[in-house]
Amino acid sequence: MKITSPLFPPSHCPCQGEAGGGARPLLPSRPLLPQPGGGGLGAAPPVAGRLRPPQPGPGRAEGAVPCRGSSLLHPEAPVTSGGGGRPAAAPFLLSRPAPSRWRSAAQPRSPLMEAGAGAETEPLLPPRSWLRRAEEATGLDNDLYINQAVVFIEDAIQYRSINHRVDSKSLWLYRWYYSRICQCILSLTITIILALAFIETPSSLTVTSDVRYRLPAWDPPCGLTESIEMLCVIVFMIDVSVKSYLVGWEEFWKNRWLMAYILTLIVSFTDWVVSLSYFCTETVRIRRILRPFFLLQNSSMMKKTLKSINSTLPEMASVVLLLAVHLSLFTMFAMLLFARTKDGQQDKEWVGYFRNLPDSLTSLLVLLTTANNPDVMIPAYSKNRAYSIFFILFTVLGNLFLMNLLTAIIYNQFRGYLLKSVQSSLFRRRLGIRAAFEVLSSLKEGPANAEQSYVSVGALLQVLQKVEMDSRCKQAIMRSLKIWSGDQLSAAQFQKLFEELDKDAIKQHPPSPEYQSHFMQKVQFAFGHPYFGYLGNVVALANIVSICVVLVMDADKQPSERDDFFLGAINCFFILYYLLEMLLKILAMGLKRYLSYPSNRFDGLLTAILLVLEIATFAEYGFPHPGWRPEFMGLLSLWDMVRLVNMLIVFRFLRIIPNMKFMALVVTTLLDLVKNLRAFAGILVVVFYAFAITGIMLFKGAVVPMGNVSVVNTTYNNGTLQCGTYEQLEYWPNNFDDFAAAVVTLWDVMVVNNWQVFLEAFSRYSTPWAKIYFVAWWLISSVIWVNLFVALLLENFIHKWDRRCHRESLSDIEYQRTVELMFRDVLEEPTEEELMEKLHQHPHLHLCR
């Protein structure tokens, strides 16, 4: 009798010496013959000698896929005979069905068999309870394989690693962890712990950061922010515990990010305890600098970007070293050229910029960014025009050549490393799809010598019902399966189906309504024509021109002299036209098609807001009339409401962008950068946060106001302040007394306009070593990060330009690209051998073939 249902759950597979995946193990096909001293054919089935399920071997992982077409030697199980009860060892070979009447010559015969007078012996059939358990085991195995395939496909969609546990409980925990609600809770926790810097001491909850006018900030009581911080740390502890469990102990020790995660939590908790022991009076809190790590480790794209930046640093270091040599040589030349002389009147260059080595280096470093040009040159240039050659030569070599060369190297090297990162993401996607194919192929038994596995279409449809993926991709795959001629898929066909994930996201606009009336058809043609949109652009331009004319005419008038009638009447006319235009477009295109265009949604939203504001204006102040200048009433004055309406009208003029192809190309490039390159913004937030906290520790309270004195000719420390100093320019709001002020100060330094003022002021207020802090910030933010942003901006724009040249513009189709798809044309597909080799290295999923 041949039984194809599995008797036992997946067990150790000796195929190639390790646990494997493939077909399910079969029932023992050898006849269960009575043992010597047993009860014969009529005896009761063994009870104490019931076969045990095979135990996992040393290489067997829980939930792993069983081997296909492999022989399993079950461990010896004691069997008690029905008569004398004498145990005997009975090995059973689990293999493909053999002839049911085959019996080894060495097999011992029972007394009943000997007395059978040569009668043919029938095999002993397994009990029905065994069959029920076999069927239940089959159902559980099938559910496990389906769930494994679902998780592997979701990993492929999100470019996640598949090196995690694959047993049923771990799969449930894995999907729960990556569910939308859990990820939202984790993101909210990261946001809260980062936002604590605005509230905790020193608090940023003041109207101004100017040290002259700032009122005492609210100081939260000890334990308030610390309690919120501890709740966040508990969430992070749960997060790292779940991650560590899912990847397994062996993979945990290989994952440096997880180990750094745990170390960060330990240091943060220790610092938190120290803070409470000092009743929140300590000034240095190490855990505040470590908070950006929580944001960094939660984003895989940020990790890849950071790794790419780290790989690019050696090439950047060579150019930075060349810049340092350039700066040092010209510093020596400058100190020789502008040395102190006997005539004090001719030493303005030496006094102001080249008094000593630190001042000389600082002056030329700032000149490298052109922030102090031509100020640094004027004293020497007024003395002798030949001195200008020195400064021009320094600027040309340093700023025009070396700095731009650094940009080119960063673009070239970083693009290569980013391409490698995206290539690894593609490999992860292909590996996840192939792993799903392997586990699904275990649902169907093939011949023992099958060289190729197959997956049934029904199994894949069952998986797709559970997978969380984009509805567009799911529907496309479903359509392909419905028109599929066969009922099985090979590995290549399986991968081909999921290439839908790599395609552009295409958004097709709904069709326009079909009117039966001839008159309505003409109306639809007229108001649905592009020329009607062009007319709206002309009207919007006329509105802008009229507002500009009125503003120019009333620029110098006092509020009491202004007549708001003309401007109010103009606004009323144009708003009515915008409302009529919106209604006619909805009539011609239909509401769904109208709302499918972002430009129409933009127009409709602004038109609705303008209409509400205009109705509120009429209700509060009445209709426009000559001499329309009512007194202040309500929440806003009339002029404030009119200005708000005019600002929205000016903003509405952006509707012309989609009609200008080159401008639309630039805008879509910027929008793609905002959507797809969030990792760079995240890294910038991390760097800003760390430097702001460090700046608070170093320079909090360093800037002290001078008092109510004039800053034109101010004497400070027995000296007259020069024009262009921190005090004369009234840069008092730029300080490090709280987190918000520190962020704004760092932004001003990153722009490098007048950043020499901050170098000089903070080195004077605190210590000359403060220049190292600002120079390090300039190198990281302005030199490295800004050049990286420029490099990726160029890459995105060039990619879109090439696609624009090779693709015709279709009005009803919108293409949406991701950063992975930017490099799709140059990526290499992984080979079959690479995928299978990586799958065989999976720590929790073992394959036999």
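See above for the structure.
Okay, so let's go over this structure.

Cut-offs and rules
Residues numbered from 1 in each chain as written. Predicted model: local features only at pLDDT ≥ 70, side-chain atom pairs only at ≥ 80, totals over all residues. Heavy atoms only, no water. Helix = DSSP H or I, 4+ residues; strand = E, 2+ residues; numbered from the N terminus. Buried < 20%, exposed > 50% of the residue type's maximum accessible area, 1.4 Å probe, protein only. Contact = heavy atoms within 4.5 Å. Salt bridge = Lys/Arg side-chain N within 4 Å of Asp/Glu carboxyl O. Core = buried A, V, L, I, M, F, W, Y, C linked by side-chain atoms within 4.5 Å.

### Considerations on the environment of L759
Here is step 1: The residue L759 is located in helix α27 (residues 755-765) in this model.
Here is step 2: On the basis of relative accessibility, which here comes to 2%, the residue L759 falls in the buried class.
Here is step 3: For L759, the contacting residues outside a window of four places in its chain are T362, V366, K771, F774 and V775.

### Examining the environment of A741
Here is step 1: Residue placement: A741 occurs in helix α26 (residues 739-751).
Here is step 2: C-alpha of A741 to C-alpha of I696: the two residues are 45 residues apart in sequence and 9.5 Å apart in space.
Here is step 3: With residues near it in sequence (within four places) discarded, A741 still touches S209, P733 and N735.

### A closer look at the pattern of salt bridges
Here is step 1: For the coordinates displayed, the defined rule picks out 24 salt bridges.
Here is step 2: Between E229 and R287 there is a salt bridge, with the nearest N and O atoms lying 2.7 Å from each other. Placement of the pair is E229 in helix α5 (residues 224-247) and R287 in helix α8 (residues 286-290), with a sequence separation of 58 residues.
Here is step 3: Across the pair K771 and D359 runs a salt bridge whose closest N-O atoms are separated by 3.5 Å. Highlighted residues: K771 in helix α28 (residues 770-806) and D359 in helix α12 (residues 357-368), separated in sequence by 412 residues.
Here is step 4: D359 sits in the partly exposed class, given a relative accessible area of 27%.
Here is step 5: Through salt bridges that share partners, E200, E226, E229, D271, E282, R285, R287, R288 and R291 make up one connected network.

### Side note on the nonpolar core
Here is step 1: Core analysis: the largest hydrophobic core is formed by 100 residues, its most contacted members being F236, L364, F391, W755 and F774.
Here is step 2: When residues in this core are grouped by element, the largest group, 13 residues, is from helix α25 (residues 678-699).
Here is step 3: Ignoring anything within four residues of it in the chain, the contact list for F774 reads F699, F736, V749, W755, F758, L759 and F762.
Here is step 4: I157, V166, V457 and F498 belong to the second largest nonpolar core, which has 41 residues in total.

By themselves, these figures tell us nothing about what the structure is for.
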